[in-house]
Amino acid sequence: GGGKGDGNGGNPKVFSIRQPQDLLDFVIQDERLSVIKVYASWCKTCAVFDVRYRKLASQLGDTAEKKGRVRFAEMQYDDPNNEEMCKLLNATKLPYILMYKGSKGKVTDFQCGPAKFQRLLDAVEEYADPEGAPVASGADGPGWKVVREQNQRLRQAQQAAQYADGTGSSSGGDELKRKEEEIARLYSELSNLRADFDRRVLLLKKEHTEETSELNERIRSQTEAFDNERRALAKQIEELSREMVDRERSLQSKENAS
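One numbering rule holds for all chains: residues counted from 1, following each sequence as written. In view of the model being predicted, local features appear only for residues whose pLDDT reaches at least 70, and side-chain atom pairs are presented and counted only at 80 or more, with totals across whole chains, interfaces and linings using the full set of residues. Side-chain descriptors were evaluated using all non-hydrogen atoms of the structure, hydrogens and water having been removed beforehand.

S.K.: It is not clear to me how the overall build of the protein should be interpreted in this structure. Could you clarify?
M.R.: Strands here mean DSSP runs of E at least two residues long; helices mean DSSP runs of H or I at least four residues long; both are numbered from the N terminus. Of the regular secondary structure elements, the protein holds six helices and five strands. Beginning at the N terminus, the succession of helices and strands in the protein can be written as β-α-β-α-β-α-β-β-α-α-α. Working rule for contacts: check all heavy atoms of both residues, and any pair within 4.5 Å makes them a contact. Across the protein, the fraction of contacts at a sequence separation of at least 24, relative to all contacts at a separation of at least 6, is 65%. By element, 51% of the accessible surface of the protein is carried by carbon and sulfur atoms, the whole surface being about 16500 Å². Using a 1.4 Å probe, accessible areas were evaluated by the Shrake-Rupley method; residue-level cover was limited to the displayed protein chains.

S.K.: Mind showing me how you'd approach helix α1 (residues 20-27) here?
M.R.: An α-helical segment advances 3.6 residues per turn. Residues three or four places apart therefore align on the same side. Throughout, exposure labels follow a simple rule: accessible area from a 1.4 Å probe, protein chains only, divided by the maximum for the residue type, with under 20% read as buried, over 50% as exposed, and the rest as partly exposed. Among the eight residues in α1, six count as buried, and that is most of the element. Where α1 is concerned, the buried positions are Gln21, Asp22, Leu23, Leu24, Phe26 and Val27.

S.K.: I'm lost on the nonpolar core in this one. Help?
M.R.: If you look at soluble globular proteins, the nonpolar side chains tend to sit buried side by side. We call a set of buried residues a nonpolar core when its members are Ala, Val, Leu, Ile, Met, Phe, Trp, Tyr or Cys and they connect through side-chain atoms within 4.5 Å of each other. In terms of nonpolar packing, the biggest core is built from 23 residues, with Ile17, Leu23, Ile36, Val38, Met75, Leu94 and Leu98 touching the most fellow members. Of all the secondary structure elements, the ones that give two or more residues to this core are β1 (14-17), α1, β2 (33-39), β3 (70-76), α3 (80-88) and β4 (96-101). For Val38, the residues in contact, after removing those within four places along its chain, are Met75, Tyr77, Cys86, Ala91, Leu94, Pro95, Tyr96 and Leu98. In this structure, Leu56, Leu60, Met99 and Leu120 belong to the second largest nonpolar core, which totals 19 residues.

S.K.: Mind showing me how you'd approach the state of the cysteines here?
M.R.: Each disulfide consists of one covalent bond between the sulfur atoms belonging to two cysteines. Any pair of cysteine sulfurs within 2.5 Å is marked as a disulfide. Applying the stated criterion across every chain yields a total of one disulfide. The partner cysteine of Cys43 in its disulfide is Cys46, sulfur to sulfur 2.3 Å. Taking the torsion about the sulfur-sulfur bond, which here is approximately 85°, the covalent link between Cys43 and Cys46 counts as right-handed. Like Cys43, the residue Cys46 is buried in the burial classification.

S.K.: For this particular structure, what's the right way to read the sheet that holds β2?
M.R.: Two orientations exist for strands paired in a sheet by backbone hydrogen bonds: parallel and antiparallel. For two strands to be treated as a pair, DSSP must find at least two bridges joining them. The five strands lie next to each other as β1-β3-β2-β4-β5, forming an open sheet whose pairing is mixed. The open sheet has two edge strands, β1 and β5 (106-111), and neither has a second partner. Strand-to-strand twist of the sheet, defined as the mean angle between neighbouring strand axes without regard to direction, takes the value 20°. Alignment of β4 against β5, held across five bridges, turns out to be antiparallel. Across the sheet, residue Ile97 finds its bridge partner in β5, namely Phe110. Geometry is summarised by axes, namely lines fitted to C-alpha atoms with helices restricted to the contacting stretch, and by angles between N-to-C directions that run from 0 to 180 degrees. Here helix α2 (residues 44-60) sits on the sheet and contacts β1, β2, β3 and β4; the angle it forms with β3, its principal contact strand, is near 155°.

S.K.: Please clarify how the environment of Tyr77 should be interpreted in this entry.
M.R.: Within the element layout of this structure, Tyr77 appears in the loop between β3 and α3. Along the sequence, Tyr77 and Arg18 sit 59 residues apart, while their C-alpha atoms lie 9.7 Å from each other. Contact partners of Tyr77, with chain neighbours within four places excluded, come to Val38, Tyr39, Ala40, Glu83, Cys86, Lys87, Ala91, Thr92 and Leu94.

S.K.: Would you mind showing me how to read α3 here?
M.R.: Those residues of α3 that sit buried are Asn82, Met85 and Cys86. Projected onto a plane normal to the axis of α3, the buried residues spread over an arc of 105° and lie on a single side. As for α3, its buried residues are in contact with β1, α1, β2 and β3. The term polar contact refers here to a pair of N or O atoms within 3.5 Å; inside protein, the definition further demands a hydrogen-donor-capable atom paired with an acceptor-capable atom, and it admits residues adjacent in sequence only when both atoms are side-chain atoms. The distance from a side-chain oxygen at the start of α3 to the backbone nitrogen of Asn81 is 2.9 Å, and the residue carrying that oxygen is Asp79. Asn90 sits one or two residues past α3 and shows a positive phi near 70°. To be clear, the arc concerns the directions from the helix axis to the C-beta atoms.

S.K.: Could you clarify how one ought to interpret the pattern of salt bridges in this entry?
M.R.: It is possible for side chains bearing opposite charge to pair when their charged atoms get close. Any Lys or Arg side-chain nitrogen found within 4 Å of a carboxyl oxygen on Asp or Glu counts as a salt bridge. Counted under the stated rule, the structure contains twelve salt bridges. Residues Lys37 and Glu74 are paired through a salt bridge, measuring 3.1 Å at the closest nitrogen-oxygen approach. A residue pair is termed long-range when its members are at least 10 positions apart, and Lys37 in strand β2 and Glu74 in strand β3 qualify at 37 residues. Residue classification places Glu74 among the buried positions, given a relative accessible area of 11%. Via salt bridges that share partners, Lys37, Asp50, Arg54 and Glu74 belong to a single interconnected network.

And the structure:
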């Protein structure tokens with residue numbers, strides 16, 4: 001899973017997204033504006049952009065001392081786990097910014113180099129909650145709710161299991177066994193959720209491919225129809241020209257004969 005970046009002192013907590021599940025977990029955590037920077041290790045512009053991005057994150061985002069108005073993350077394009085997802089999200093011109101707002105989903109996305117940094121500042125001002133606004137907990141969609149509840153139950157079960165293990169009593173042992181079974185069941189539910197998410201991503205990709213091939217087919221048939229019409233017209237013009245030439249010749253030969 002993705003881990004928080006260094007949060008010591010006034011350092012901003014910039015969440016690192018290392019797989020599709022991390023992106024889901026990050027954007028549904030609460031209703032604050034989530035800003036995600038897409039970058040690549042080979043991209044020099046991204047490195048320049050990152051300096052200002054982290055400065056902004058330390059001003060508006062979470063640090064060890066405070067909870068910010070905005071949450072910041074980053075996703076590496078040239079990480080094999082992320083590449084497919086970046087392409088699906090159209091985040092291919094780097095650096096790229098994605099913005100989500102809890103249950104509202106994606107609110108905007110755009111390519112943003114260091115020279116266009118003001119665009120990021122304007123978008124943050126437009127979509128972020130005002131200073132001091134109460135923070136609602138994560139998105140309200142049923143899917144998100146299930147993920148959050150399961151994560152919570154999983155943590156509680158693990159804590160209870162550790163506690164029961166510490167007692168060393170036989171009832172503690174039974175409790176531990178029960179909790180371990182609960183953990184196994186929850187993990188299975190979580191993996192099903194993940195599989196469902198992966199399936200949806202594949203479906204989106206398939207639809208996109210089908211749309212593209214359908215469009216290509218339409219273009220091909222239209223081009224073919226145009227070519228056929230063009231050829232037919234060219235043939236008519238050729239025949240008419242020939243008729244005119246023949247007619248002129250026959251007229252001329254008649255004149256000569258007379």
